[in-house]
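# A closer look at the structure
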Amino acid sequence: CAVTSPRSSESLRPPLQQWQPLSAGPFDEDDDDDYAGMTEEEKQQYIIKNALELNEETRSLLPEIDVDEVLAEEERSRDPSVMGQDFGDMNGLDDPRDAPWRLKAEELVRSAVAAVPGVDLYDIAWNIGDLCVQVEPEGGGAEAEPVSLDKIVAVNQAIIEALDPVDDELEVLSRHEVEVSSKGAPEVLTAEREFVAFKGYDVTVETKSIGDGVEAREPIEGRLVGRDVHNTIISVKGRNVKIPNYLVTAVRLPPALEEKGEFAPTKTTKKSRK
C-alpha cells in the first residue's frame, strides 16, 4: 500500500501590477490652445517643462531596481564555485542524490519515520518530482505482518510535518510529491539500496505505454548498470540503454535469484507506481 502527498500548489508568483494610464502629455492635440499667444521660444520652454513632468510621473510608476544587487547576482552566477550549488538547471530536480539539500531532507525523513511506532525505514529514493520512502515492520523478519495502511498514513503525515517548516530552504514539498509505501515484492527492485545491491545482475525492465494509442514495448532484458534521478540504465549486448524512470513500471530479477535466496526481503504489498 502507498500514500502520496501532492506537491504544494501555492503559487510563488507575485500579483500582477495594475498599471495606470499616463496623464495627457505635452504633445496632445488639445494643447494647441495652450500655445496661443506664445512666442516660439516660450512654446519650446513649455514643451520641455511638460516633458520633464511626464518623465517624473512615468518614473514613479516603475519599480525601483537595486543596480548593485543585480550586478552582484550576475557576478555570482558566473562564479564556478557556486554555480549549481543550491539547485541545478531544473530548479534542483536534477541535482545529484548526494546534493546537500537532499541529504538534509533525508535526515529529517529518518527522524520522522523513527518517531512512528511499529515501523522501520527501509529506503529513501528520489525521482524527478517524487520523494519515495519505503518502510517495513519494526524489526523486519520474514514472518512479520505487512505495514498497515494506518501506519503508512501516519508516516506520511510525520514526514510532511518534518519537512514543512524548512520548505522555504529545501523546497522539497513545493517541488515533490511525497510517496510512502511498504517494501515491495522480493523479485521487483524498487528501493535505492536494491538497485545498488544488484548492480551487474541480469534484470528485466517493464515499461508502460506513452499514450496516443502506442502500445507498451516488450520487456527489455539486460544487466543492471544503475539508476539515477532521471533514468534506469541497463546494458544490452554491451551497450548502455537509458530508460526514463517515468516509463518504467517494474525492474524484475530473474526467478533463479529469488530461488537461490540471494536477496529475500519481507514480502509485503507492492509499491504502487504512477
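Provided above is the structure to which this section pertains.
This write-up is about the structure you can find in this document. (Residues numbered from 1 in each chain as written. Predicted model: local features only at pLDDT ≥ 70, side-chain atom pairs only at ≥ 80, totals over all residues. Heavy atoms only, no water.)

This brings us to the sheet that holds strand S2 (residues 119-127). If you trace the four strands from one edge of the open sheet to the other, you get S1-S4-S3-S2, paired in mixed fashion. Where the open sheet ends on each side, the last strands, each with one partner, are strand S1 (2-5) and S2. Strand after strand, the sheet turns through a mean of 15° between neighbouring axes, direction not considered. For S2 and strand S3 (residues 130-137), the ladder comprises eight bridges, and the chain directions are antiparallel. Within the sheet, the bridge partner assigned to Ile124 lies in S3 and is Val133. Helix-sheet contacts for helix H3 (residues 100-114) involve S2 and S3, and the interaxial angle to S2 is about 155°. Packing of helix H4 (residues 149-163) onto the sheet brings it into contact with S1, S2, S3 and strand S4 (177-182), and relative to S4 it is tilted by some 150°. (Pairing = 2+ DSSP bridges. Helix = DSSP H or I, 4+ residues; strand = E, 2+ residues; numbered from the N terminus. Axes fitted to C-alpha atoms, helices over the stretch in contact; angles between N-to-C directions. Contact = heavy atoms within 4.5 Å.)

Right, let's talk about the side chain of Asn245 for a bit. The residue Asn245 is located in the loop between strand S8 (239-244) and strand S9 (248-252) in this model. Asn245 sits in the buried class, given a relative accessible area of 12%. The contacts of Asn245, once residues within four sequence positions are left out, are Asn127, Arg227, Asp228, Val229, His230, Asn231 and Thr232. (Buried < 20%, exposed > 50% of the residue type's maximum accessible area, 1.4 Å probe, protein only.)

Another aspect to go through is the packing of aromatic side chains. Applying the stated criterion across every chain, the model contains two aromatic pairs. Taking 5.4 Å as the distance between ring centres and 75° as the angle between the ring planes, the aromatic pair formed by Trp101 and Trp126 counts as edge-to-face. Of the two residues, Trp101 sits in helix H3 while Trp126 sits in strand S2, which places them 25 residues apart along the sequence. Judged on exposure class, the residue Trp101 and its partner Trp126 are both buried. Taking the centre distance of 5.0 Å and the plane angle of 75° together, the rings of Phe198 and Tyr201 count as edge-to-face. According to the relative accessible area criterion, Tyr201 is partly exposed, its value standing at 29%. Stacked on the ring of Trp101, the Lys or Arg Arg175 has its end atom at 4.3 Å from the ring centre. (Phe/Tyr/Trp six-rings, centres within 6.5 Å; stacked < 30°, edge-to-face > 60°. Lys NZ or Arg CZ within 6 Å of the ring centre and 35° of its normal.)

This next bit is on H4. With 15 residues, H4 extends 21 Å from end C-alpha to end C-alpha; this agrees with the ideal 21 Å at 1.5 Å per step. Within the span of H4, buried status applies to Ile152, Val155, Asn156, Ala158, Ile159, Ile160 and Leu163. Tucked into the core, H4 has its buried residues touching S1, H3, S2, S3, helix H5 (167-170) and S4. (Expected span 1.5 Å × (residues − 1).)

Val113, Leu131, Val133, Val155, Ile159 and Val172 are the most contacted members of the largest nonpolar core, which has 26 residues in total. Broken down by secondary-structure element, the contributors of at least two residues to this core are H3, S2, S3, H4 and S4. Looking at this core, the element that brings in the most residues is H4, giving six residues. Among all residues touching Leu131, those that are not within four sequence positions of it are Val109, Ile124, Ala125, Trp126, Leu163, Val172, His176, Glu177, Val178 and Glu179. Core analysis: the next-biggest nonpolar cluster, separate from the first, contains twelve residues, Phe195, Ile234, Val251 and Leu253 among them. (Core = buried A, V, L, I, M, F, W, Y, C linked by side-chain atoms within 4.5 Å.)

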